[in-house]
Every structure is written in structure tokens, then in C-alpha cells.
Amino acid sequence: MRLILLGPPGAGKGTQAKKLVAKYSVPQISTGDILREAVKNRTPMGLKAKAYMDKGELVTDDIVVGIIRDRLQESDCAKGYILDGFPRTVPQADALKTALHEMGQSIDRVVSIVVANDELIQRLTGRRTCKECGAGFHILYKKPKAEGICDQCGGPLIQRDDDQEATIQNRLTVYNQQTEPLIAYYRKDGALKEVEGTGSIDEIFAHICAVIENHG
Ligand code: AMP
């Protein structure tokens, strides 16, 4: 199964991708996670990307396309994958199409998770991430057992630099301008399915699985 998860920041792409990984045994490929790891390790790519990420802007297409091209060659992608946060621009979608064509592959489904703007801001400002293992929490919707501490590994929970309110607004504007056109792009391809992204995590997951299995 080769799947793209589309949706604005805070729509729950990462949360749903992790559940899909468990159910369908294919890897999640998050360009955001790969970039954050590069920033943490201070690699040349990470240092270049950080300035864009801190402002809530998109990293240049050449960087993320390079990441994806390399990642799709890895053996764990043979059975499929879930792209989470890529593509985010029309040139990235075109580059993906070319790369897949070269590999004799195509995308099976594009699932767009739809959430209203007000709700997104509330979700993003409350989001907390484990500094050690990357597990996600929320101060209202997914509280950790002990405040500020990761349930999974005991690491400290932090707020992502780009989850500060000013940056969030910019990320949503960037989404509307640069990423939303991909909905029409994939609708034209016939691969798009839209799923309402409000309700419980399990309800949304059930809708996503239904559209993947063609009965949604
Ligand atoms: P995310 O975790 O997907 O919200 O990504 C966090 C940040 O990483 C974004 O705000 C961008 O700065 C950068 N990023 C992640 N994926 C992409 C992409 N496909 N294209 C450009 N920038 C990206």
C-alpha cells in the first residue's frame, strides 16, 4: 500500500500514520521527522533546514525531494509506505510522480484529512512532544500520566519550536497557499479521498481505513 496523508498542520497526520503503520505493516515516512532529526544532529542539511522550520516556512523542494528519493530506495519501502508531510508543493508532487515512475510504482491512495482552522490552532498550541523518543501528547486531548513526562520512555515533554502561536499562524498560511492546491492536483488524478478529521482518534482512523479499503 502506497499512501499519501494530506492535511494542514495539526490535522493528525502523524498520529494517524502511526496507527496505519501498526495495522498495515508499512513504514511512515515523515519529512518533518527526518528534518528534525537532521537539525538535532546538526548535519549540514539540518543546519540549512532549521532557519525555514523555525519560521514555519517550507524547506526548499530540492532538500525534501532528495530525502524522499533516498528513503524510497530503502528495503522497508518494498511493500509500501505512508507519506506524512510530503509532498507539500506542486513541484514536490511532480518530482514524486517522476521518482515513482522511474521505480515502476504509483500511489494507491491520497487521504486528505479535513479540519477547520480554529480547531487546528487549539490543537497545535497544546501539542507536546517527547524530546527523547518523539512520542506525541496534548495538554487537553492526550494528557501524559505525569505532567511533562513521556509515558513511553520517561523523557521530558517539550513544545516544538514551530508550535509557538506566531509560527503556527504562518504554517497555516503556508499550507493554504502552497499545499492546499495538492487537493485539486490529486483529485484530478482520481486518487483523492477526503476524511473528516474531527472526532476521536479511533473514529478518524476507522474512516481512513474504510477509504483505504475502498468501502468509505
Ligand atoms: P511537519 O512535522 O510535517 O509539520 O514539518 C515541520 C516542518 O518541516 C515544516 O513546517 C517545514 O518547515 C518542514 N517540512 C516538512 N516536510 C516538508 C516538505 N515536504 N516540504 C518542505 N518543508 C517541509
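Here the structure is a predicted model, which is why all the values come from computation and not from measurement.

A. Region of the structure containing the overall build of the protein. Each helix and strand counted, the protein has nine helices and eight strands in total. In terms of C-alpha radius of gyration, the protein reaches 17 Å, essentially the compact-globule figure of 17 Å for 216 residues. The C-alpha extent of the protein, read off along each of the three principal axes, is 45 × 40 × 35 Å. Looking at the protein as a whole, 45% of its 216 residues qualify as buried. About 11000 Å² of surface is accessible on the protein, with carbon and sulfur atoms providing 51% of the total. Here the protein holds 29 positive side-chain charges and 29 negative ones, and the gap between their average locations is 2 Å.

B. Quick look at the pairing of strand β5 (residues 127-130). Direction of pairing for β5 relative to strand β6 (residues 136-138): antiparallel, over a ladder of three bridges. Residue pairing across strands places R127 opposite H138, the latter belonging to β6. The hairpin formed by β5 and β6 contains five residues between the paired strands, and G134 there has a positive phi angle of roughly 80°.

C. Highlighting helix α8 (residues 181-189). Considered for burial, the residues of α8 that qualify are L182, I183, Y185 and Y186. The buried residues of α8 occupy an angular sector of 160° when the element is viewed end-on, so they sit on one face. In this structure, the buried residues of α8 make contact with β1 (2-6), α5 (90-102), β4 (109-114), α7 (165-179) and β8 (192-196). In the stretch just after α8, G190 is the one whose phi turns positive, near 85°.

D. Region of the structure containing the site of the ligand. Near the ligand, the surroundings consist of 16 residues, among which T31, R36, E57, G85 and Q92 are the closest. The separation between a nitrogen atom of the ligand and a polar main-chain atom of V59 is 3.0 Å. Between the ligand and the protein, one listed contact pairs a nitrogen atom with a side-chain N or O atom of R88 at 3.0 Å. Across the complex, the protein chains shield 95% of the 480 Å² of accessible surface that the ligand would expose by itself. Per-element tally for the shell around the ligand: the top contributor is helix α2 (residues 31-40), with four residues. When its residues are assigned to classes, the shell around the ligand shows six nonpolar, four polar and six charged.

About the cut-offs
- Residues numbered from 1 in each chain as written.
- Predicted model: local features only at pLDDT ≥ 70, side-chain atom pairs only at ≥ 80, totals over all residues.
- Heavy atoms only, no water.
- Helix = DSSP H or I, 4+ residues; strand = E, 2+ residues; numbered from the N terminus.
- Rg over C-alpha atoms; globule rule 2.2 N^0.38 Å.
- Buried < 20%, exposed > 50% of the residue type's maximum accessible area, 1.4 Å probe, protein only.
- Areas by Shrake-Rupley, 256 points an atom, 1.4 Å probe, with all protein chains shown as cover.
- Lys, Arg positive; Asp, Glu negative; His and termini not counted.
- Charge placed at Lys NZ, Arg CZ, Asp CG, Glu CD.
- Pairing = 2+ DSSP bridges.
- Arc of directions from axis to C-beta.
- Contact = heavy atoms within 4.5 Å.
- Near = heavy atom within 4 Å.
- Polar contact = N/O pair within 3.5 Å; in protein donor to acceptor, adjacent residues only side chain to side chain.
- Nonpolar A, V, L, I, M, F, W, Y, C, P; charged D, E, K, R; others polar.

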